[in-house]
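Topology and contacts: notes
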Amino acid sequence: MIKLEELIHLNDRNIILKLKEKIDELADELQKEIKIMEVCGTHTVSIRRNGIHSLLPTNVKMISGPGCPVCVTPASYIDNAIQLVEEKRAIVVTFGDMLKVPGTKGYSLSRFMGSGWVRVIYSPAEMLEIRKDTSKPVVFLGIGFETTVPTIASTFLRGVENQLEDMYLYTSFKTVPPALEALLADTESEIDAFLLPGHVSVILGMEPYRKVLERKNGIPGVIGGFEPVDIMLAIYKILKQLAEGRREVENAYPRAVRGTGNPKARAVIEKLLEPGDELWRGLGKLPASGLRIRREYENIDAVVKFGLSEEYNYEPAGCLCAEVIQGKVAPNQCPHFAKDCIPEEPIGPCMVSSEGACAAYYRYGDIG
Amino acid sequence: MDIIKLEHGSGGALSRKLTEELIYENLKNERYPELSDATILDIKGQFAFTTDTYTIDPLFFPGGDIGKLAIFGTCNDLAVSGAKPLYLSLAFVIEEGFPIADLKRILSSIRRAANEAGIRIVTGDTKVVPKNRGGGIYINTTGIGTREFRHRISGSRIESGDAVVISGPIGSHGIAIMASRESLPVGPQVKSDVAFLYPLCRNLYQLGEDLKFMRDATRGGIAAVLNEAISDTELSMNINESSIPLGEKVDAISNILGLNPLEIANEGVFIAVVRGSRGERALSLLRETRGGDRAQIIGHVDSAYPGKVILETISGGKRILDFPRGLMLPRIC
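Right, let's get into the overall build of chain A. Of regular secondary structure, chain A possesses 13 helices and 11 strands. Taking 2.2 N^0.38 as the reference for a compact globule, 368 residues should give roughly 21 Å; the C-alpha atoms of chain A span a radius of gyration of 21 Å, in line with that estimate. Overall size of chain A, expressed as C-alpha extent along the three principal axes, is 65 × 45 × 45 Å. Of all 368 residues assigned to chain A, the portion counted as buried reaches 52%.

Residue and element names in this part refer to chain B. Helix 3 (residues 100–117) packs onto helix 1 (residues 13–27) with a crossing angle of 20° between their chain directions and a minimal axis gap of 9 Å. Between helix 1 and helix 3, the crossing angle belongs to the class labelled roughly parallel. Remark: the crossing between helix 1 and helix 3 carries right-handed chirality. Judged by residue contacts, Leu22, Ile23, Asn26 and Leu27 of helix 1 engage Leu103, Lys104, Leu107, Ser108, Ile110 and Arg111 from helix 3. The class makeup of the residues in the contact of helix 1 with helix 3 is 6 nonpolar, 2 polar and 2 charged.

Turning our eyes to something else, we now look at unusual backbone geometry. Of note, the bond from Asp57 of chain B into Pro58 of chain B is cis; its omega dihedral lies within 30 degrees of zero at 5°. Position of Pro58 of chain B relative to the elements: it lies in the loop between strand 1 (47–54) and strand 2 (60–61). Within the chain, Arg89 of chain A stands out as a residue other than glycine whose phi angle is a positive 50°. For Arg89 of chain A, the location among the structural elements is in the loop between helix 3 (75–86) and strand 3 (91–94).

A separate point is the sheet that holds strand 4 (residues 118–120) of chain A. All names here are of chain A. Spatially, the 4 strands line up as an open sheet ordered 4-3-5-6, and their pairing is parallel. Two strands close off the open sheet at either side, each with one partner strand: strand 4 and strand 6 (167–173). The average angle at which neighbouring strand axes cross in this sheet is 25°, direction not considered. Note that strand 5 (residues 138–144) and strand 6 share 7 bridges and pair parallel. Its bridge partner being in strand 6, Gly142 is matched across the sheet by Thr171. Lying on the sheet, helix 4 (residues 126–133) is in contact with strand 3, strand 4, strand 5 and strand 6; it crosses strand 5 at an angle near 165°.

The subject of this paragraph is the sheet that holds strand 13 (residues 318–320) of chain B. All names here are of chain B. Spatially, the 7 strands line up as an open sheet ordered 8-10-7-11-9-12-13, and their pairing is mixed. Two strands close off the open sheet at either side, each with one partner strand: strand 8 (211–216) and strand 13. Direction aside, the axes of adjacent strands within the sheet are offset by 25° on average. Relative to strand 11 (residues 296–302), strand 7 (residues 163–166) runs antiparallel, the two being bridged by 4 bridges. Across the sheet, residue Ala163 finds its bridge partner in strand 11, namely His300. Across the face of the sheet, helix 8 (residues 279–287) comes into contact with strand 7, strand 10 (270–274) and strand 11 while running at roughly 10° to strand 7.

Residue and element names in this part refer to chain B. Taken as a whole, chain B is organised into domain 1 (6–147) and domain 2 (155–320). Taking only C-alpha atoms into account, the centre of domain 1 sits 28 Å from that of domain 2. Each side of the interface is counted separately: domain 1 has 19 residues, and domain 2 has 21 residues. For the side of domain 1 that touches domain 2, the secondary structure elements donating two or more residues are helix 2 (66–79), strand 4 (83–95) and helix 3. Considering every element that reaches the side of domain 1 that touches domain 2, the biggest residue donor is helix 2, with 8 residues. Residue composition of the side of domain 1 that touches domain 2, by class: 10 nonpolar, 5 polar and 4 charged.

Calculation criteria
Residues numbered from 1 in each chain as written. Chains lettered and ligands numbered in written order. Predicted model: local features only at pLDDT ≥ 70, side-chain atom pairs only at ≥ 80, totals over all residues. Helix = DSSP H or I, 4+ residues; strand = E, 2+ residues; numbered from the N terminus. Rg over C-alpha atoms; globule rule 2.2 N^0.38 Å. Buried ≥ 20, exposed ≤ 12 C-beta atoms within 10 Å, placed from the backbone. Axes fitted to C-alpha atoms, helices over the stretch in contact; angles between N-to-C directions. Parallel < 35°, antiparallel > 145°, perpendicular 65-115°, else oblique. Left-handed = near helix turned anticlockwise from the far one by under 90°. Contact = placed C-beta atoms within 7 Å. Nonpolar A, V, L, I, M, F, W, Y, C, P; charged D, E, K, R; others polar. Pairing = 2+ DSSP bridges. Domains from an automatic or database assignment.

Next comes the structure, spelled out in structure tokens:
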């Protein structure tokens, strides 16, 4: 049971205004444009929804990153999921956001809604119930970052333990640090610092970021929570590092994130999965940036069972999702944005997912 | 007779039995005791006329049910249009196999709501559709009310400097529906705010021409209503998020579900726009009426961003508050 009384809105305007003053001072001192990438889609939504960007000085810009799981999933993965239903006659189980993302042929899994072939769940554990209720093979679409992987992994481990047969995992899991590394390595990148994802860090802790950021050519990275106060505090700490010439990983979300992360959750991941090269929409194939099923569990691997073909990247004509994910283009700079690409009829995944940058910009308009 | 059969909608003996022994028995009123094809009404002067169809899922939810909703929802549309609700029609589309016990429960809730609202149900209809061709039961009500407020209620009468008033806390209806659908672990139930708004509206009629706009914030929540009021004008609304009253637990639960309380449907809240100098008067008129004790002034009208609603967020940031997008919660009313 969640105790609602414990969920306090960290929204004290006085604290926010004090942080704003300090941020203004530091921005003045820095005297140049600072681009901070919020890696996580939940940060993007909170910033837009609360109008945090409108509180920042003109030379501090927040740009959205690759932290929306649906957005970085290749369109050809959707094709394979559709193939699972149409040709392999399997029941596909997924989180809701995946439904409306078009595959390379322009249609999405939503065409099977109501047919029983595609089931939307909120918690991976529901999959076990679906498995018990049907004689058809059941495939779970495994997308997400370190945050969602542990519960999915533990569900499958439980399924294996209980000898539930014909239940498969089709992985497209991603891990955050390799993406940061790729963004840093990009010579065109103009990112001055990362606002690091709070939820992912609950699992990872601080060490994996240190390896990527605390080195030559590294940049500051501050772990932030999702309430306005948390975000303002993280931005303040980022500017302070920049002003003092430091490049460190800092934790501005200590009420949820411990330095060592959650070793238990990581152990669950490691039992079922191992790092593997993974294709990201927008970023391409990044070494050891995914989590693949270990060989000893290959009998639950949907790729092995159904012989799914390898994913490739494909972008609908004119869609700038790939550039948006890399922070090279702001959503409202895309020619389709709010014209022929809207949440009801999306062209690319960034407009589909509730965590997508385009959807957040569209939904929470800028007063300009 | 414990479930609805197709024959109940055939027009034959079973239809008559259903109408007479169940529906009519539960709803009959003194003045129109006969069932006939149409009812003659005695209405003087101008009247308001509205219709709405109720498809909510689940049919029974904390704080109400589809019957109560079907009566109050239509009455509220009349009330915010400046009319006193008088007569309602009541039409059912029932799915074959629907439990009679549930129909009885809905009918008695309809009777209680009609009594509270002081309206008469004067005509009706029942159809039965085959199993799996309907969502249990749908209800349509059409309402007639006499015009009491003599001035036009319209977004086009809004002027710069006007005050934006809300009649009570938002979000409870949508959250109650969502929570009962998804069996959320949220502790004690959140109750829907479904309520009869005419007494609150009537008190505001006293403001005369200084009352310019009223609308109940149902589907799309107050985000939709505020935009409807202003989008065709050269004016903008400045809404102060921290002054918007929220129903109990609405804030926390919407946080968990990723919902925006401003976009959540209500069934017992309306927005009014009044002349700026009359804002406080409007507040005291609402607060002295039952159900209006948490009324608030939530913003004002100016011309800085024509056609837009600007939200000053709790954190002090500013953004556009747009029409809600996409299908957030289907079949919520």
